[in-house]
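A closer look at the structure
Chain residues, written in single-letter form:
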Amino acid sequence: MSEPSASSNDRLAHPYARPWWKDALVYQVYVRSFADSNGDGVGDLAGIRSRLGHIASLGVEAIWLNPCYPSPQHDHGYDVANYFDIHDEYGTLDDFDALLADARNLGIKILMDLVPSHCSIEHRWFIAALASDPNSPERARFYFRDGKGDAGNEPPNNWQSAFGGPAWTRLDADPTANNGKGGQWYLHTFAREQPDLDHTHTDVHQLFDEIFKFWFDRGVEGFRVDAVAGTGKHPDLPDQPPVGPEVGVLDITWMNEYTVFRPEGHDVWRRFRATIDNYESGHPGRELMMVAEAYAVRRPELVKAFTEPDQFHQMFSFDLMLTPWEKHSIEQAMLDPIAILAKTGVPPAWTLNNHDIQRIVTRLGRSDAHLPEIWTNNNLALSRADVDLALGERRARAMAALIFALPGSLYLYQGEELGLPEVFDIPADRREDPVFERTGGAEIGRDGCRVPMPWTNDASSSYGFSTPRADGTVGEPWLPQPTAWGERSVSEIDDIENSTLHMYQSLGEVRDEFAVSQPLEAQTIDIGPEVIAVRRGDLVVVVNPTDEPVQLDLDHRELAITQPVFASEPAEMHTTGVIPANSTIWFSS
Ligand code: BGC
Ligand code: MG
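This report concerns the structure included in the present document. Only a predicted model underlies this, so the values are computations on that prediction, with no experimental measurement involved.

1. Details of the pairing of strand E1 (residues 25-29)
Counting buried residues in E1 gives five out of five residues, a clear majority hidden from the surface. Alternating residues of E1 divide into Leu-25, Tyr-27 and Val-29 and Val-26 and Gln-28, and every residue in both groups is buried. Inspection of the sheet shows E1 paired to strand E11 (residues 409-413) by four bridges, in the parallel sense. Bridge pairing in E11 links Val-26 to Tyr-411. Bridge count between E1 and strand E2 (residues 62-65): four bridges; the pairing is parallel. Looking at the pairing, Val-26 lines up with Ala-62 of E2.

Here's what the structure looks like:
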C-alpha cells in the first residue's frame, strides 16, 4: 500500500493533469448542513472553517459550496436575493474571505454555485418589477406575460414547474387593470419564489459579468452552474406538446422542448465563457473553470454540445450515480462519458451523490437495485423495495473505488465518506423542500439527503453539528437527525478499522499514487464474465457486482505482472485472486 501523502499541498509534486480541475477531487459542502458554529441549528461559514481538517484529510483539491448568498431560503439558497453577499445565517463576506484564506493554506480552492436561471422574489429587480407596469423595462428582465382568456385568468401557456404545479404565478391586481387582463403572470421553472431571468436582456448579461468579477476578485476559482438545462427558452413560449399519463409530475418540465436544452441556452454559456477567459487572461497563474449541472445521462451529444471549447470547461457525469448495480449498466454508464473524453478531450466530472438525489447507500441497498430497467433517479427514489443498508454501503464503497480510478475529476458530497444513508423519518411539518409542498406531499423531496452532518456521538450538540451558544444551549437542527446518526459520526467511524471514512481517505491516497499519473483514458477489458474490469495505463480495477465471491485468473495476461494495491473491503483482501462479493480491487504493475 502507498505511503499516505502528508498534505494536499503534496499534489503539486505529482504529474497531475493541467489545468487542475481536469482530475481534481472536489468536496461538495451543503453549507446549511455541514457545521454550525453559533448554535442556531443552521450550518455556517465559520462552521466550515472549523472542520476544514476533515475535508483536507480526504485529500481534496477544491470545495464546492452550495449557494450561500442572501436568500429567503424557499429553495435553500437556489433563490438568490443578492449575488454579491453572504446569507446572514451563514456569516458575512469577512467570514467568507477567512474561509477562503484558511482553505488556501491547506491547498484547497473554493468553487461557488452560480444560479443563472432564476433569482428570488426578494431580489431587488423582482421587487422593482412588481412595483412597475406590465410593459415596463423592470418587467422585461423576467418573463412577465398577460394571461390567456378574456380576463387573463389562464396561464400564458401550459408549462409545468419542475417542482410540480404550473410554471406560472399570477400577480394580484385590479381585474380591470392592464386593459382588462388584470394581473400579469410570471414564469418560474422551479418554485414560485424563483422567477426566471430573461438571459436575452442586456441587464442580465451585465449582472452576470459583475458576479463573475466579484467572486473571482475574492479568490474563487470557479463555479458549479445550476440548472443549465432549463436556461434559455423558445422566444414565443409555445405550449408544450402533451405528455402521456405515465410521465411523473416532476418529469414533465424536463420533456418540454421549448425550455429544456435550448439553443438559446448556449448563447448564455458562450457569454459566460468569454467573461471567464477574459478574466483569466488578465490574471496569469489563475486556472478558472465552470462545471455544468444538467442531467444528460446517456446523451453524449448533449455533453459534447455543453463542453465545446467556447462553453463549459466540464459537465457533471451523473451516469454512474444513476445506474443500477448491474454489470452491463455500470459498464455503459462508465464508457459513455469516457468515449466523450476520447472525442473532445474534456474529462468527466464524476459524481455518486449530491444534494438533490437519494443517497447511494440507500439506493444500492434496495432489493431491486440490480434490475437494469431501474435506471433513472426517479425510478430508484420511487422504488419501495426493501433496503439493506449494510449491503448498500458495501456496494457504494465498491462504486466509489471504481470512480476514484477513472480519468476525470470527482465530486464527493458531504457525508458520502461516512456512508450516510437517506433519512426517511422526517415528519411532514419539518420537511422543507418545496417539492414536498408543491406536490401536496406526493413526493417527499430531497430533505433526506440534506440532514445535518454527524460529527460526534453527542446528542446534546446535535451530534457535534452545533457548537453550543454561550449559555450552553443549542437550537434544534434545521432538519431533524435520526437517533442512529451519532453512530455514523466522523469521530465514531474514525475509530473503526476499515470504516468507510478510512476507505475514502485511502482512496484519495491510492488515487494520487496509482491513478492520476496515468493517461486520461480508460478501457474495459475482459477478464471474466461476472466482473467489470477497467484498465487505465498501468492500473487495472476490477469490480465484482455480484453477491458471490469471484475467483480471478491471476495468470491472465492483463493481471500477470500486477499486484493488488487497494481493496474496497480490505479485511477480505487476499492475494489468491478471490474478489469478494460487491467489492472492488485495484491492481497495479
Ligand atoms: C439544484 C437544486 C435546485 C434547482 C433549482 C438544481 O438543479 O441542484 O437543488 O433546487 O436547481 O435551482
Ligand atoms: Mg449557525
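Resuming the write-up.
2. A word on the packing of aromatic side chains
Per the stated rule, a full pass over the model turns up 32 aromatic pairs. Measuring from centroid to centroid gives 6.1 Å for Tyr-69 and Tyr-83, while their planes differ by 50 degrees, and the two rings are tilted. Linking Tyr-69 in the loop between E2 and helix H4 (93-105) with Tyr-83 in the loop between E2 and H4, this pair joins segments that are 14 residues apart in sequence. The class of Tyr-69 is buried, set by a relative accessible area of 1%. Among the residues examined, Tyr-83 registers a relative accessible area of 1% and is labelled buried.

3. Considerations on the site of ligand 1
Close to ligand 1 lie 14 residues, the nearest being Asp-75, Arg-224, Asp-226, Glu-293 and Asp-356. The separation between an oxygen atom of ligand 1 and a polar side-chain atom of Arg-224 is 2.8 Å. Within the side chain of His-355, one N or O atom sits 2.9 Å away from an oxygen atom of ligand 1. Alone, ligand 1 offers 310 Å² of accessible surface; in the complex the protein occludes 96% of this.

4. Topic: helix H10 (residues 327-344)
Here H10 contains 18 residues, and its C-alpha end-to-end distance of 26 Å stays within 8% of the 26 Å for a straight helix at 1.5 Å per residue. For H10, the full list of buried residues reads Lys-327, Ser-329, Ile-330, Glu-331, Ala-333, Met-334, Pro-337, Ile-338, Ile-340 and Leu-341. Residues of H10 that are buried in the fold lie against helix H9 (300-306), strand E9 (314-317), strand E10 (349-351), helix H13 (389-403), strand E12 (523-525) and strand E13 (532-536). Positive backbone phi, approximately 80 degrees, marks Gly-345, located one or two places after H10.

5. Quick notes on the coordination of the magnesium ion (ligand 2)
Protein coordination at the magnesium ion (ligand 2): the donors are Asp-36 (OD), Asn-38 (OD1), Asp-40 (OD), Val-42 (O) and Asp-44 (OD), at 2.2 to 2.3 Å from the metal. In terms of primary sequence, the donors binding the magnesium ion (ligand 2) are separated according to D-x1-N-x1-D-x1-V-x1-D. We classify Asp-44 as buried; its relative accessible area is 2%.

6. Here we look at the pattern of salt bridges
The tally for this structure, following the rule as stated, stands at 33 salt bridges. Residues Asp-75 and Arg-446 are paired through a salt bridge, measuring 3.2 Å at the closest nitrogen-oxygen approach. Within this pair, whereas Asp-75 is found in the loop between E2 and H4, its partner Arg-446 is found in the loop between helix H14 (434-438) and helix H15 (490-494), the two being separated by 371 residues in sequence. With its nearest N and O atoms 2.8 Å apart, the salt bridge here joins Arg-141 to Asp-203. Linking Arg-141 in the loop between helix H5 (124-130) and strand E4 (144-145) with Asp-203 in helix H7 (residues 202-218), this pair joins segments that are 62 residues apart in sequence. Assessed through its relative accessible area of 15%, Arg-141 is described here as buried. Counted as one network, the salt bridges with shared partners bring together Asp-75, Asp-356, Asp-433, Arg-446 and Arg-450.

Here is what the cut-offs are and how they apply
Residues numbered from 1 in each chain as written. Chains lettered and ligands numbered in written order. Predicted model: local features only at pLDDT ≥ 70, side-chain atom pairs only at ≥ 80, totals over all residues. Heavy atoms only, no water. Buried < 20%, exposed > 50% of the residue type's maximum accessible area, 1.4 Å probe, protein only. Helix = DSSP H or I, 4+ residues; strand = E, 2+ residues; numbered from the N terminus. Pairing = 2+ DSSP bridges. Phe/Tyr/Trp six-rings, centres within 6.5 Å; stacked < 30°, edge-to-face > 60°. Near = heavy atom within 4 Å. Polar contact = N/O pair within 3.5 Å; in protein donor to acceptor, adjacent residues only side chain to side chain. Areas by Shrake-Rupley, 256 points an atom, 1.4 Å probe, with all protein chains shown as cover. Expected span 1.5 Å × (residues − 1). Contact = heavy atoms within 4.5 Å. Donors = N, O, S within 2.8 Å, 3.2 Å for Na, K, Ca; no water. Salt bridge = Lys/Arg side-chain N within 4 Å of Asp/Glu carboxyl O.

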